[in-house]
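Overview (structure and organization)
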Amino acid sequence: ARDKLNMALRMPMSDDQRKFVKNKLSELADKWLFTRTVYPDDPLCGTYQVKPGDILSNIGGRYKVPFESLMMVNNINNPRSLQAGQNIKVINGPFTVKVYRKTFTMDLYLQNTYVRSFIVGLGLPGKETPTGIWRVKADGKMERPIWYDEIENKTYFPEDPDYPLGSRWIALEGLEGEAKDREGFAIHGTKEPQQLGTQGSRGCIRLENGNAILVYNLLFPIESLVEVTD
């Protein structure tokens, strides 16, 4: 069902039909992806037997997914609690996202299979989020980093009540199109969820804080691409 619905997304259809198909695919992802269940012969998910000396981050790296994603689908609370011989679910990454400026939506994919959508906030008029292809920057993923605002000449700390970056920061680097060779842009959370679905940022892609954590747990540095289109 997943593969047939995903193939249908490539065909011409009305907006209502596309919304219906995406909703069904999201419901299916809650079963095949975001649980410990592994379906036979699924090319997107499988089972891995932990070997002596394995650590979760290295396992995730082999499959191009962050270790946090493996913790999530296996209900692992402590990444150091792996035991040799243990079978865990693995995900064959990478995840990618596509951002549509006109509709303020972000579509999440595992390889080429649709997973779910999010409402995003984008750049203000005159500071629009550049279109093109980006990738997650190496060492660019951070939890609530200290941030210096050059315009306001102010340093924000995570404990500040007006801290603007929300729950997570995913730095991007541009590869193609308007994005090429550009840096300083990111996917991050927000302290202003009321601005999601609008042009309110200085060019970054804003997510609701819970969704920012989910996307952070799925995107892998260098391998995960972010396409921004009109």
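Residues numbered from 1 in each chain as written. Predicted model: local features only at pLDDT ≥ 70, side-chain atom pairs only at ≥ 80, totals over all residues. Heavy atoms only, no water.

Scanning the chain from N- to C-terminus turns up 5 helices and 14 strands. In summary, the chain has a C-alpha radius of gyration of 18 Å against a globular reference of 17 Å for 230 residues, a match within 12%. Here the chain, with 230 residues, has 46% of them falling under the buried criterion. Taking all contacts inside the chain whose residues are at least 6 apart in sequence as the whole, residues at least 24 apart take part in 62%. Surface exposure of the chain reaches about 12000 Å², of which carbon and sulfur atoms provide 50%. For the chain, the centre of its 30 positive side-chain charges and the centre of its 29 negative side-chain charges are spaced 5 Å apart. (Helix = DSSP H or I, 4+ residues; strand = E, 2+ residues; numbered from the N terminus. Rg over C-alpha atoms; globule rule 2.2 N^0.38 Å. Buried < 20%, exposed > 50% of the residue type's maximum accessible area, 1.4 Å probe, protein only. Contact = heavy atoms within 4.5 Å. Areas by Shrake-Rupley, 256 points an atom, 1.4 Å probe, with all protein chains shown as cover. Lys, Arg positive; Asp, Glu negative; His and termini not counted. Charge placed at Lys NZ, Arg CZ, Asp CG, Glu CD.)

Quick look at the nonpolar core now. Core analysis: the largest hydrophobic core is formed by 46 residues, its most contacted members being F95, M106, I187, I205 and V226. By size, the runner-up hydrophobic cluster in this structure holds 7 residues, among which are Y163, W169, A171 and C204. (Core = buried A, V, L, I, M, F, W, Y, C linked by side-chain atoms within 4.5 Å.)

Now for the side chain of H188. Inspection of the secondary structure assignment puts H188 in strand 11 (residues 186–188). When residues no more than four places from it in sequence are discounted, the contact partners of H188 are P164, L165, R168, W169, C204, I205, R206, L207 and A212.

Next up on the list: the side chain of T190. Inspection of the secondary structure assignment puts T190 in the loop between strand 11 and strand 12 (199–201). Accessibility expressed as a relative area gives 4% for T190, which makes it buried. Aside from chain neighbours lying at most four places away, what touches T190 is P164, L165, G166, L196, R206, L207 and N209.

What follows concerns the packing of aromatic side chains. By the definition in use, this model includes 4 aromatic pairs. Between Y109 and Y114, the ring centres sit 5.8 Å apart and the planes meet at 80°, which makes this aromatic pair edge-to-face. An identical accessibility class is assigned to Y109 and Y114; each is buried. Sitting over the face of the ring of Y216, K141 holds its NZ or CZ atom 4.5 Å from the ring centroid. Lying across the ring of Y216, R168 places its NZ or CZ 5.2 Å from the centre. (Phe/Tyr/Trp six-rings, centres within 6.5 Å; stacked < 30°, edge-to-face > 60°. Lys NZ or Arg CZ within 6 Å of the ring centre and 35° of its normal.)

Let's shift gears to helix 5 (residues 209–218). For helix 5, the complete set of buried residues consists of A212, L214, V215, Y216, N217 and L218. Measuring from the side-chain oxygen of the N-cap residue of helix 5 to the backbone nitrogen of G210 gives 3.0 Å; that N-cap residue is E208. (Polar contact = N/O pair within 3.5 Å; in protein donor to acceptor, adjacent residues only side chain to side chain.)

Further remarks concern the packing of helix 3 (residues 56–63) against helix 4 (residues 67–74). Contact geometry for helix 3 and helix 4: axes closest at 8 Å, N-to-C directions at 100°. In terms of orientation, helix 3 lies roughly perpendicular with respect to helix 4. For the pair helix 3 and helix 4, contact is made by L56, S57, I59 and G60 and by F67, L70 and M71, respectively. By residue class, the composition of the contact of helix 3 with helix 4 is 5 nonpolar, 2 polar and no charged. (Axes fitted to C-alpha atoms, helices over the stretch in contact; angles between N-to-C directions. Parallel < 35°, antiparallel > 145°, perpendicular 65-115°, else oblique. Nonpolar A, V, L, I, M, F, W, Y, C, P; charged D, E, K, R; others polar.)

Under the definition given, this model contains 16 salt bridges. R101 is the partner of D230 in a salt bridge, and the nearest nitrogen-oxygen pair spans 2.7 Å. Of this pair, D230 sits in the segment after strand 14 (225–229) while R101 is found in the loop between strand 3 (95–100) and strand 4 (105–110), placing the two residues 129 residues apart along the sequence. According to the relative accessible area criterion, D230 is exposed, its value standing at 53%. The partner of E143 in a salt bridge is R168, and the shortest N-O contact between them spans 3.9 Å. Linking E143 in the loop between strand 7 (132–142) and strand 8 (147–149) with R168 in the loop between strand 9 (154–156) and strand 10 (169–176), this pair joins segments that are 25 residues apart in sequence. Connected via shared salt-bridge partners are R2, D3 and D42. (Salt bridge = Lys/Arg side-chain N within 4 Å of Asp/Glu carboxyl O.)

Such coordinate-based values are descriptive only and should not be taken to indicate function.
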